[in-house]
Amino acid sequence: MKTAFILSASLAIHAAIVANESEIESLDRAIGDGDHYINMKRGTETVAGMYNELLPLPADEALNKIGIKLLSTIGGASGPLFASFFMGMAKVIKQNDGNNPLEIAAAFAAGVQNIMQRGKADLGEKTMLDVLIPVSTTFTLSAAESKNMAEICSAIKLAADSGLESTRNLIATKGRAAGLGERAIGHLDAGAKSCQVMVYAVCDLLIKGKN
Ligand code: ADP
Ligand code: MG
């Protein structure tokens, strides 16, 4: 994995989060406390602003620095979770370099595992993990089938869409919406929406071949 790709992805992610402001904001207002968009904007803006500092670094160091920075910038429940994602990815990229889809999928899976451990959450709890876990599984399976990046990305996008949609009829058992019981039913989870948006942004870059 090249640091230049991580940085292009961070710019694309920032633009995509900003483009989806109203939906992300209103979802967290409906069943959270309304700050998720602000948290995501602050975090993605900060990473985008680290461009020149990160460019000379090896990919694993860049990912780790992003994680450390996000710990102190995103805030809320999601800050430490996204931070642990990047730190988990960094560990695997340090070992395998992330030179092919299978290696990148392994790093992504380690990031998702870190989120699960940090947040003590799993699939079906109406969180970002309802997008990230199926995306990770799909990524690993389609990479193992030696599909090309465009094929892998279209499978990943479908997994992100259905994962997001799956949160609509769930009761939340983690995060702020957990206190709402059945009143959370009918609403998508804001963190799941941000993750779907970010997954799309990175996939679109990969499809264009800028990796
Ligand atoms: P806060 O909940 O502190 O206001 P944010 O609004 O930034 O923080 O983030 C809320 C999102 O974080 C939720 O929509 C959900 O996707 C995610 N989330 C909350 N708790 C957890 C957890 N334990 N594990 C995974 N994701 C979580
Ligand atoms: Mg919130």
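One numbering rule holds for all chains: residues counted from 1, following each sequence as written. Key to labels: chains lettered from A, ligands numbered from 1, both in the order written. With the structure being a predicted model, the display of local features is reserved for residues of pLDDT at least 70 and the display and counting of side-chain atom pairs for 80 or more, all residues being used for whole-chain, interface and lining totals. In computing side-chain properties, one takes all heavy atoms of the structure into account and sets aside hydrogens as well as water.

## Let's talk about the overall build of the protein
Elements are defined by DSSP. Helices are runs of H or I of four residues or more, strands are runs of E of two residues or more, and each kind is numbered from the N terminus. Per the secondary structure count, the protein includes 10 helices and zero strands. Starting at the N terminus and walking to the C terminus, you meet the elements of the protein as α-α-α-α-α-α-α-α-α-α. Relative to the compact-globule value of 17 Å for 211 residues, the protein shows a C-alpha radius of gyration of 16 Å, a close match. Structurally, the protein occupies a C-alpha span of about 45 × 35 × 30 Å along its principal axes. Only protein chains enter the calculation, and the probe is 1.4 Å; a residue is then buried if its accessible area is under 20% of its type maximum, exposed if over 50%, and partly exposed in between. Put simply, the protein has 211 residues, and 49% of those count as buried. The contact criterion used throughout is that any non-hydrogen atoms of two residues lie within 4.5 Å. Long-range contacts, defined here as pairs at least 24 residues apart, represent 67% of the contacts in the protein between residues at least 6 apart. With residues, only the protein chains shown are counted as cover, and all accessible areas are computed by Shrake-Rupley using a 1.4 Å probe. Of the roughly 9,600 Å² of accessible surface on the protein, a fraction of 55% belongs to carbon and sulfur atoms. The convention is simple: Lys and Arg are positive, Asp and Glu are negative, and His and the chain ends are not counted. By convention, charge coordinates are those of NZ in Lys, CZ in Arg, CG in Asp, or CD in Glu. Here the protein contributes 20 positive and 22 negative side-chain charges, whose respective centroids are spaced 4 Å apart. Only C-alpha atoms enter the radius of gyration, while the globule expectation follows 2.2 Å times N to the 0.38, with N the number of residues.

## Focus: the site of ligand 1
Only a single heavy atom is needed: when it lies within 4 Å of a molecule or strand, its residue is near that molecule or strand. Not every one of the 20 residues close to ligand 1 is listed here, only the nearest: Asn39, Ala77, Ser78, Arg176 and Asp189. Nitrogen and oxygen atoms within 3.5 Å of one another constitute a polar contact, given that in protein one can donate a hydrogen and the other can accept it, and given that sequence-neighbouring residues count only through two side-chain atoms. A distance of 2.5 Å is found between an oxygen atom of ligand 1 and a side-chain nitrogen or oxygen belonging to aspartate 189. A total of 560 Å² of accessible area belongs to ligand 1 in isolation, and the protein chains cover 93% of it. Buried and open spaces are told apart on a 1 Å grid over the protein atoms alone, a cavity being a set of points where a 1.4 Å probe fits but cannot get out and a pocket being an open set with protein on both sides within 12 Å along at least five of seven lines. Residues with an atom within 4 Å of a point are the lining residues. A cavity or pocket is said to hold a molecule if more than half of that molecule's atoms lie within 2 Å of its grid points. A molecule is said to occupy a pocket when more than half its atoms come within 2 Å of that pocket's grid points, and by this definition ligand 1 occupies the second largest pocket. Per element, the largest residue contribution to the shell around ligand 1 is three residues, and it comes from helix 10 (residues 190-207). Three classes are used: nonpolar for Ala, Val, Leu, Ile, Met, Phe, Trp, Tyr, Cys and Pro, charged for Asp, Glu, Lys and Arg, and polar for all others, with Gly counted as polar. Taken together, the residues of the shell around ligand 1 break down into six nonpolar, eight polar and six charged.

## Describing helix 5 (residues 59-73)
The span expected for a helix works out to 1.5 Å for each residue beyond the first. Between the first and last C-alpha of helix 5 there are 21 Å, a value that for 15 residues agrees with the 21 Å anticipated at 1.5 Å per step. Next to the buried residues of helix 5 lie helix 1 (3-19), helix 3 (36-48), helix 4 (51-54) and helix 6 (78-96). Just downstream of helix 5 lies glycine 75, where phi reads positive at about 75°.

## Observations concerning the environment of isoleucine 13
Residue position: isoleucine 13 is located in helix 1. Beyond its immediate sequence surroundings of up to four residues, isoleucine 13 is in contact with Thr44, Met198, Ala201 and Val202.

## Comments concerning the coordination of the magnesium ion (ligand 2)
With water omitted from the atoms examined, metal sites may look incomplete; donors here are N, O and S atoms no farther than 2.8 Å from the metal, or 3.2 Å in the case of Na, K and Ca. On the protein side, the magnesium ion (ligand 2) has Asp28 (OD), Asp33 (OD) and Asp35 (OD) as donor atoms, found 2.0 to 2.4 Å from it. Counting residues between consecutive donors of the magnesium ion (ligand 2) along the chain gives the motif D-x4-D-x1-D. Residue classification places aspartate 28 among the buried residues on the basis of a relative accessible area of 11%. Assessed through its relative accessible area of 39%, aspartate 33 is described here as partly exposed.

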